[in-house]
Every structure is written in structure tokens, then in C-alpha cells.
Amino acid sequence: MKASDLFVECLRAEGTEFMFGVPGEENADVILSVQDSDLDFVLTRHEQGAAFMADAYGRLTGKAAVCMGTLGPGATNLVTGVADANMDRAPMVVYTGQADSRRMHKESHQAMDVVAMFRPVTKWAHSVLQPQNLPEVTRKAFKIATTEKPGATHIEIPEDLAAMEVGDLAPIAPQKVRRPVPDDKIVDRAWDLIRKAKRPVVLAGNGAIRKRASKQLRAFCDASGMGVIHTFMGKGAVSREAPYCLFTVGLQSKDLIACAIDAADVVITLGYDLVEYHPRLWNPGKDKTIIHVDFLPAEIDEHYHAELEIVGDLAHALWMLNARLATDPLRWDLSQHRTIREQMQADFAAHKDDDTSGLIRPQKVLWDVREALGPHDILLSDVGAHKMWIARYYQCDEPNTCLISNGFCSMGFALPGAIGAQLAFPNKKVLAINGDGGFLMNVQEMETAARLQAPIVAMVWEDHAYGLIAWKQDNHFGRHTDLSFQNPDWVQLGQAFGWGARRVEHSRELLPALEAALASDKPELIVVPIDYRENALLSARLGQIACPI
Ligand SMILES: Cc1ncc(C[n+]2csc(CCOP(=O)(O)OP(=O)(O)O)c2C)c(N)n1
């Protein structure tokens, strides 16, 4: 057997469905082996697009998808998407080709130290030195990528190694491993703290939507009435309809939701990554009693000094708390958070009946998006001012129905991410909301979507500028630098790629346009001239918030 065939068998043994990428000369053997297998190769128009597709697929399914590129420039093009997956905790295996091992020690065409480049943006990166090692290396890459907390791993295979004969080696079959569970004693101590808490609140992060943690969390809150606040990436851990759901926190400025944390004596963090919402913002006085519940011990930060750390499988930790709750019932008065919830709901609905032409308010767009998408459909946000609006105004019924890149926060994620999401869940509707800046960063993947006939919808919020940067500069300096640019004719652009495309000029046309696009069987582009005068108005309102509790 050829090494490249063995590698592909190893990928199949891991349950890999898709490999996304752009082949080069140095991975010709591998790509031919893929072609001869039942692994789906998704040819992309840029390696970054491939990485973002695998990123979204990994986050949504919990399974590592593979993205690939050639050596040198193919590998460097992958880096941003790989870093994004790694920091957003998406399982992913990156494969790159490399020069023939007989020329790697010297100045040589396109050759560079790709493994060293990937080290800071992966959990593990390795160059295969012997083709016989492929079963071990591949198993290890998948195991590390999917072990909590998940992330990216990298395998490099030099060109000559991929072509070698390896005899009849076989893949190492993956084995289910039970995650370690927390110690009873620490859960008892946490239970003591929780019982005495007057105003406890849960801060549910990215980890709270993985590995069935959400199911146990919902059971805990149904019985106890404890309020739950989500980070951007924790959205959907509990349903937006639940009376204890306190929506999403994470804007840098003061917000109503942050009032619930201000008022809390005990904050139970679940699968919370500091990278998302710095503890300085919600624990400025360093005086909160924090119970850290996560797959890994707490990061060190002067504002995140946990009283207790419950380390182990998150769903199991919650199950242990539920067992204590069953024998020692506790119930917090939901009314303490009711005002916050009601004020937020009034805010969500404030512009639902807008009748504006020319510019459309973000609040109106997101109201209509929520109306058009079902509870299991998937919204992906790109990075920019639109992400802040989505975080605050778009709430979820289920985990993994709103993907926001909030760790590495790379622009250009949403369009390729939507293709990955659609391949993972062909029966769900998939909508990507982008700024006009970020959309053009990976616009070439419109061709990939058209070729695959992936019925995704991409919405572009047009403000002719890098809106978020202008917003932040205005807040800090009272003025902003020139961040404006021109856009193409969007309808012509969409049509040139074989997409359906339309521009919505009036707020009342938006919902029907969205519904028609979501019902289409081909990719659709909707462009919305967005009213970002609302950015400054939101900042002003948040600045004046008086906490109701
Ligand atoms: C790849 C990358 N480059 C730069 C940034 C910094 N950045 C964050 S938001 C933003 C502007 C986004 O503009 P646009 O896509 O038009 O969205 P808007 O803010 O207007 O909604 C920039 C430049 C980033 N996060 N990622």
C-alpha cells in the first residue's frame, strides 16, 4: 500500500466526511488517494476559505474536519482560519504537503518551516518522519483535536514520504474515552456555597454548548430558577423562551445584562473562556465569589480568582449538582431578574414595525431574521459592528444555532463558514450575516457555493466602511480616521457568480426577501443598506443605563 492511501484510510477510520482545500504539486499523491476514496474533497478558492469551512463544520458537529493546502504559500494561507478554529475551540485537523525530505535541510523552492509556523496556532503540529508512523500520527492528531478543550492540530507529510510503499499497515481505530469527572468533595463544597447564595447567576460560555452540557444546565435551571447569562459563543445553552434566560453579555460597555452580574454575589461560570469577555469587565472590584466549572482548571487572571474549581466533564458536573438539587431543593425568586428580561425584550421589539427606506436599522433586520429562521436553523456572524448587534439582539432556542467567532475574531469567517455549516446540516437553513468589509475578504468562495449548489443565504450589511473600527474610534477619541471604501454592484456580483441576488431598500421588503431567499435551492445574496447611526445611539443608551436591580 502507498503511504498516501494509508493516510486516507486513517482519515476515514476517524469518520472524516470532508476534506476542504487547494491541492499543490507536493500533495499530488494524497489528493489522488482522496479522489479514489469515498472521502468528499471540497475544492475551495482560497485555503483560508477551506479552513473556515472546517472551522464551522467542527464547531457544529464536534467532529474534526480536515482542511489542507500545499507547502509554503498554501500553508501560510491556511493560518488565519486555523488560528480561528483553535481559539474558538473547533476540532480541526490540518494537513499540508512539504518538500521532498531530501531537500528540506537547504534553501529550496517554496520550502519553509511550516510546523514551526503552526505551533502557536494549534494544540499539536508534527511532520511525519516515517510513513509507517501515519496511523499513530493521524490517530494522535484527531485525539488531541477532539479532546476537551478542542482545537486544531497539524500533520505535515513530505512529498516523497506520501509516495512510499508501506506494506499492509492499518489505521488505529478510534476508541471512545470517558472524560474525567469532578470529585464529590468539591461538588459538595460548591453546593454549600450555592445554597447560601442570595443572587447567584450562571455565566455560560462556549463550553456550555458542547457535550450535552446544555441539557443538564436546562434541568438545573428549570428546577432552581437560577438566571443564565450567555457569552457570544454560549448562545443557546438555555432557550431564549425560558424565564431564567438572561440573554447575552459581552459588549465592552455597560449593559442591562451586566447588571445581573453586578448584582450577583456568586457567579458560576460554565465552560467560560476568558478570551471572550474579559473578567475585568464583569469583576472590576475582584469581589465576586466565582465557582469555575469547566473541562480544564481556571486560567490565572487577577480578576478571575475562583473560590472553587469544579474540573471535569461539564455535563457530568451539572448532573452532580442536579443530584444534590433533587434531594435538597432550592428555588431562587425569578422576579429578581424579570425586569432585566422584560426591558431587553422590549428593546428587541422596539423597531420590529419600522417603516424606513434607504437605510434599515440593525434591530429591525435582526427581528426579521429571527422571524425567518426556525429554532434549529443556523446563523453565522462575521466580525464587525454587525456582530455586536447580533450578539445583543439575536437570541437562540438551541445550542449551536448562532456561530460567532469571538475568540480569534477573524473577519471573513461567515461566508465560507456557511458552506461548512450547510454541508454539515443539509436540512437546516443557513444564513451568514457579513459586513461589506469582511464579505469581500473571502468573496471568492461564492464560486465554491455556486459550484456545490449550496443553498446558503449571505446577507451583507452595507455601510461602505469598516464600521466597527469607526464606532470604537468615535467612542474613544470622539472622531474616526478614514475607514470608508467603495463596493461593487452587489446584484451584478451575485449574478456573475451564479447566485440569486437582491438589494433591499425598504424595511418592509426585508422579511419577504429573506423568506424567499431561504426557500431558494441555490445560494442567495441579500444586501441591506444598514443604518449605523444606531451604533452611536446604542453607545449613548448603554452609557446611561441605570441598573434595575
Ligand atoms: C482579518 C481581520 N482583519 C482585521 C480585523 C479588525 N477588524 C475588526 S472589525 C473590523 C471592521 C469590519 O468591517 P465590516 O466587515 O464592513 O463590518 P462592519 O463593522 O461595518 O459591520 C476590522 C477591520 C479583524 N478582526 N480581522
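Just above, that's the structure.
Presented here is an overview of the structure given in this document. (Residues numbered from 1 in each chain as written. Predicted model: local features only at pLDDT ≥ 70, side-chain atom pairs only at ≥ 80, totals over all residues. Heavy atoms only, no water.)

Scanning the entire structure with this criterion turns up one disulfide. Between Cys259 and Cys547 runs a disulfide, and the two sulfur atoms are separated by 2.0 Å. Negative torsions about the S-S bond denote left-handed disulfides, and the value of about -75° found for Cys259 with Cys547 makes this one left-handed. One end of the pair, Cys259, is in helix α10 (residues 256-263); the other, Cys547, is in the segment after α22 (533-543), with 288 residues separating them in the sequence. Classification of Cys547 as partly exposed rests on a relative accessible area of 30%. The cysteine Cys67 is free of any disulfide, with Cys10 supplying the nearest cysteine sulfur at 18 Å. Of all cysteine sulfurs in the structure, the one in Cys402 sits closest to Cys409, which takes part in no disulfide; the separation is 13 Å. Judged by its relative accessible area of 28%, Cys409 is partly exposed. (Disulfide = S-S within 2.5 Å. Helix = DSSP H or I, 4+ residues; strand = E, 2+ residues; numbered from the N terminus. Buried < 20%, exposed > 50% of the residue type's maximum accessible area, 1.4 Å probe, protein only.)

Another aspect to go through is a negative patch on the surface. On the surface, Asp5, Glu9, Asp36 and Glu165 cluster together into a patch of negative charge. You can see Glu9 is positioned in helix α1 (residues 3-13). By relative accessible area, Glu9 is classed as partly exposed at 40%. (Patch = residues over 30% accessible without salt bridge, like charges linked within 9 Å, V, L, I, M, F, W, Y side chains within 5 Å. Areas by Shrake-Rupley, 256 points an atom, 1.4 Å probe, with all protein chains shown as cover. Salt bridge = Lys/Arg side-chain N within 4 Å of Asp/Glu carboxyl O. Lys, Arg positive; Asp, Glu negative; His and termini not counted. Charge placed at Lys NZ, Arg CZ, Asp CG, Glu CD.)

A few words now on the environment of Arg331. Assignment of secondary structure puts Arg331 in the loop between α12 (314-327) and α13 (335-349). Along the sequence, Arg331 and Glu299 sit 32 residues apart, while their C-alpha atoms lie 31 Å from each other. Setting aside its immediate chain neighbours within four residues, Arg331 contacts Cys221, Asp222, Ala223, Ser224 and Gly225. Here the side chain of Arg331 touches Asp222 through a polar contact of 2.8 Å, landing on its backbone oxygen. (Contact = heavy atoms within 4.5 Å. Polar contact = N/O pair within 3.5 Å; in protein donor to acceptor, adjacent residues only side chain to side chain.)

The six strands are arranged β2-β1-β3-β4-β6-β5 in an open sheet whose pairing can be described as parallel. In this open sheet, the two edge strands, each paired with only one partner strand, are β2 (40-43) and β5 (124-127). Shown here is a sheet whose adjacent strand axes are inclined to one another by a mean of 20°, direction ignored. Note that strand β1 (residues 18-21) and β2 share four bridges and pair parallel. When the sheet's bridge partners are listed, Gly21 is paired in β2 with Leu43. Its contacts with the sheet put helix α3 (residues 47-61) on β1, β2, β3 (65-69) and β4 (92-98), and the angle it makes with β3 is roughly 170°. (Pairing = 2+ DSSP bridges. Axes fitted to C-alpha atoms, helices over the stretch in contact; angles between N-to-C directions.)

Here the structure, examined in full by the defined rule, presents 33 salt bridges. Between Asp313 and Arg179 there is a salt bridge, with its nearest N and O atoms 2.5 Å apart. Residue Asp313 is found in the loop between β12 (308-311) and α12, and its partner Arg179 is found in the loop between α7 (159-163) and α8 (184-196); the two are separated by 134 residues along the sequence. The exposure class of Asp313 is buried, given its relative accessible area of 8%.

Bringing the site of the ligand into the picture now. Around the ligand, 18 residues are found, and the nearest of them are Ala385, His386, Gly438, Leu468 and Tyr532. Within the side chain of Asp463, a nitrogen or oxygen atom sits 3.3 Å from an oxygen atom of the ligand. Protein chains shield 78% of the accessible area of the ligand, which is 590 Å² for the free molecule. Contributions of two or more residues to the shell around the ligand are made by α15 (385-393), α17 (436-441) and α19 (467-477). The class makeup of the residues in the shell around the ligand is nine nonpolar, seven polar and two charged. (Near = heavy atom within 4 Å. Nonpolar A, V, L, I, M, F, W, Y, C, P; charged D, E, K, R; others polar.)

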